[in-house]
Amino acid sequence: MLYHNNGDGTFSEVNAGLTIMNSPSVDWGDCDNDGDVDLLMVGDAGSVSETFIYLNENGTFTRLEAEIEGAVGGYASWGDYDNDGNLDILITGKDFTLVPVSYVYRNNGDLTFSFSNAGLVGTALGPADWIDYDNDGDLDIMLSGENAGCGNASTRLYTNNGVGSFDEFPAGLPFVERASSAWGDYDNDGDYDLMLTGLADSPVTRFYRNDLLSGTFQQNTLPEVPGDLYTYVSGDYAVISWGRSTDAQSPQMAITYNVMVGNESGAINILSPQADISTGDRYAACTGNAGNNDFMVFRALAPGDYYFRIQAIDQAFAGSPFSEEGSFSVLPTGVEQHSLSGIKAYISENILKVSGITSADAELMIVSVTGQILFSETVKPGDFSLSVAPYPAGIYLIRIVENGKIYQAKVIK
């Protein structure tokens with residue numbers, strides 16, 4: 001079940017059409033980089049071990065037909081291990097023969113995924129964590145839980161070797177199953193420490209301080225503060241964007257971004273950053289709420305003034321100070337907004353195709369996520385097509401004004 005936060009302390013169930021799963025693991029992540037989070041679901045949906053990816057398109061979920069092996073009784077999460085700006089997948093659990101497995105799938109950036117021969121030991125009934133434990137700017141892996149064979153269990157730390165596979169690091173962590181873990185820099189020394197619980201010969205809870213000072217380890221430094229803030233507003237629809245940051249350890253495309261928004265200067269009542277807004281210190285060991293994107297989209301905003309600031313998050317989940325404050329205004333309007341019912345817009349083989357136009361003087365616009373108008377023209381009724389080959393890969397807003405009504409859609413090239 002999916003529940004919508006109504007913003008007043010109540011939640012409403014959404015008929016999202018998601019599959020029913022037993023012993024699942026689920027994770028939110030923007031795998032197609034279109035500005036909204038998609039859903040990864042791994043578990044038993046009737047065939048013991050399956051993986052489903054649901055793409056979020058303006059609040060409507062469509063299942064992606066992806067060739068990805070599934071697992072049950074394990075863990076699944078998004079993480080960009082190859083630093084290309086696309087979220088990859090880590091899956092653990094038991095396969096259809098109930099043997100523990102561990103998989104990594106690479107996101108090819110075109111809504112397909114490729115199996116990566118990561119060299120991980122099959123693990124179930126425990127956590128599978130993406131974590132840059134050595135501060136070298138790429139995501140490593142920790143697995144804990146049950147292994148193949150009667151009574152076998154382990155906790156293993158794998159170092160990302162930067163060429164698509166992982167090498168086991170002898171961390172000396174206890175072998176546990178039915179485990180849980182949490183990473184956090186409790187002593188504020190710039191590296192991530194580990195809390196680990198589970199069953200060994202008896203229940204254990206262990207706390208480990210990261211004292212690694214050799215090998216690929218680096219003292220982490222904060223990413224630079226984001227700049228070049230930009231806004232685009234159309235009716236109750238707004239896009240904010242910013243320039244990408246750099247970092248001494250994390251590649252530029254691996255940096256994620258954290259956004260705070262309020263309806264007063266300095267407020268966070270519209271969107272919380274889960275960070276100290278005065279220092280940038282993070283309250284959560286995770287990526288920023290905008291993911292790898294250098295923009296964020298807002299819909300159905302009430303009229304009023306909005307204020308925002310941006311924070312860069314590196315692969316060690318450390319945050320820069322927040323940017324200077326930007327602002328935008330949503331004005332009251334009598335123009336009726338409609339979704340694309342009857343009108344369809346999509347890109348196929350570098351051709352934008354729009355169907356269902358009925359007015360003889362419809363205005364069609366193509367707008368980049370930074371608000372730049374790339375195309376504006378009056379179009380005829382029926383079908384419309386336009387080559388978008390000169391446009392770089394990314395997300396574009398299609399805006400059609402017809403008979404005093406506005407239709408908007410988001411397309412991906």
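Sequence positions are assigned chain by chain, starting from 1 and proceeding in written order. This being a predicted model, a pLDDT of at least 70 is required before a residue's local features are given, and a value of 80 or more before pairs of side-chain atoms are given or counted; all residues contribute to the totals for chains, interfaces and linings. Just so you know, side-chain values use all the structure's heavy atoms and leave hydrogens and water out.

Break down the sheet that holds strand E13 (residues 153-160) for me, citing the residues and quoting the values.
Sheet strands line up and pair through hydrogen bonds in the backbone, either parallel or antiparallel. Taken in spatial order, the four strands of this open sheet run E11-E12-E13-E14, and their pairing is antiparallel. A strand with exactly one partner marks an edge of an open sheet, and here the two such strands are strand E11 (128-131) and strand E14 (166-169). Strand-to-strand twist of the sheet, defined as the mean angle between neighbouring strand axes without regard to direction, takes the value 25 degrees. In this scheme, strands are said to pair when DSSP sees at least two bridges between them. Helix and strand labels come from DSSP, where a helix needs a run of H or I of at least four residues and a strand needs a run of E of at least two; each type is numbered from the N terminus. Pairing of E11 with strand E12 (residues 140-146), which is carried by four bridges, proceeds in the antiparallel orientation. Counted as the bridge partner of Ala 128 is Leu 143 from E12. Convention adopted: a line fitted to C-alpha atoms gives each axis, helices being fitted over their contacting stretch, and angles between N-to-C directions are expressed from 0 to 180 degrees.

Describe the confidence of the model for the protein, with residues and values.
Mean pLDDT over the protein stands at 88; residues scoring 70 or higher make up 95%. Low confidence marks residues 335-340, where pLDDT is under 50. Its contacts with residues over four positions away, or in another chain, come to 17 contacts. Known as pLDDT, the predictor's confidence for each residue is given on a scale from 0 to 100. The criterion used for residue contact is that any of the two residues' heavy atoms lie within 4.5 Å.

Report on the nonpolar core, specifying residues and quantitative values.
Throughout, nonpolar core names a set of buried Ala, Val, Leu, Ile, Met, Phe, Trp, Tyr and Cys residues whose side chains join them through atoms within 4.5 Å. When a residue's accessible area, from a 1.4 Å probe over protein chains only, is under 20% of the maximum for its type it is buried; when over 50% it is exposed; and in between it is partly exposed. Within the largest apolar cluster, 20 residues are counted, with the highest numbers of intra-cluster contacts made by Leu 352, Val 354, Leu 364, Ile 366, Phe 384, Ile 398 and Ile 400. At the level of elements, strand E25 (344-348), strand E26 (351-357), strand E27 (362-368), strand E28 (373-379), strand E30 (395-402) and strand E31 (405-412) are the ones that each hand at least two residues to this core. Ile 366 has contacts with Leu 352, Gln 372, Ile 373, Leu 374, Phe 375, Leu 386, Tyr 391, Tyr 396, Leu 397 and Ile 398, leaving out every residue within four places of it along the chain.

Break down the pairing of strand E16 (residues 193-199) for me, with residues and values.
Judged from the six bridges that link them, strand E15 (residues 177-184) and E16 form a sheet pairing that is antiparallel. Each bridged residue has a counterpart across the sheet, and for Ala 182 the counterpart in E16 is Met 195. The pairing of E16 with strand E17 (residues 203-208) spans six bridges and is classified as antiparallel. What sits directly across from Leu 199, in E17, is Pro 203.

Describe the pattern of salt bridges, naming the residues involved and giving the relevant values.
Salt bridges are defined by distance alone: a side-chain nitrogen of Lys or Arg within 4 Å of a carboxyl oxygen of Asp or Glu. Under the defined criterion, the tally for this structure stands at six salt bridges. For the salt bridge of Glu 168 with Arg 156, the shortest nitrogen-to-oxygen distance reads 3.2 Å. Residue Glu 168 is found in strand E14, and its partner Arg 156 is found in strand E13; the two are separated by twelve residues along the sequence. Of the residues examined, Glu 168 reaches a relative accessible area of 45% and is grouped as partly exposed. For the salt bridge of Arg 244 with Asp 294, the shortest nitrogen-to-oxygen distance reads 3.7 Å. One end of the pair, Arg 244, is in the loop between strand E19 (237-241) and strand E20 (256-262); the other, Asp 294, is in the loop between E20 and strand E21 (295-298), with 50 residues separating them in the sequence. Taking relative accessible area as the criterion, Arg 244 reaches 24% and is therefore assigned partly exposed. The structure contains a network of salt bridges with shared partners spanning Asp 82, Asp 84 and Arg 106.

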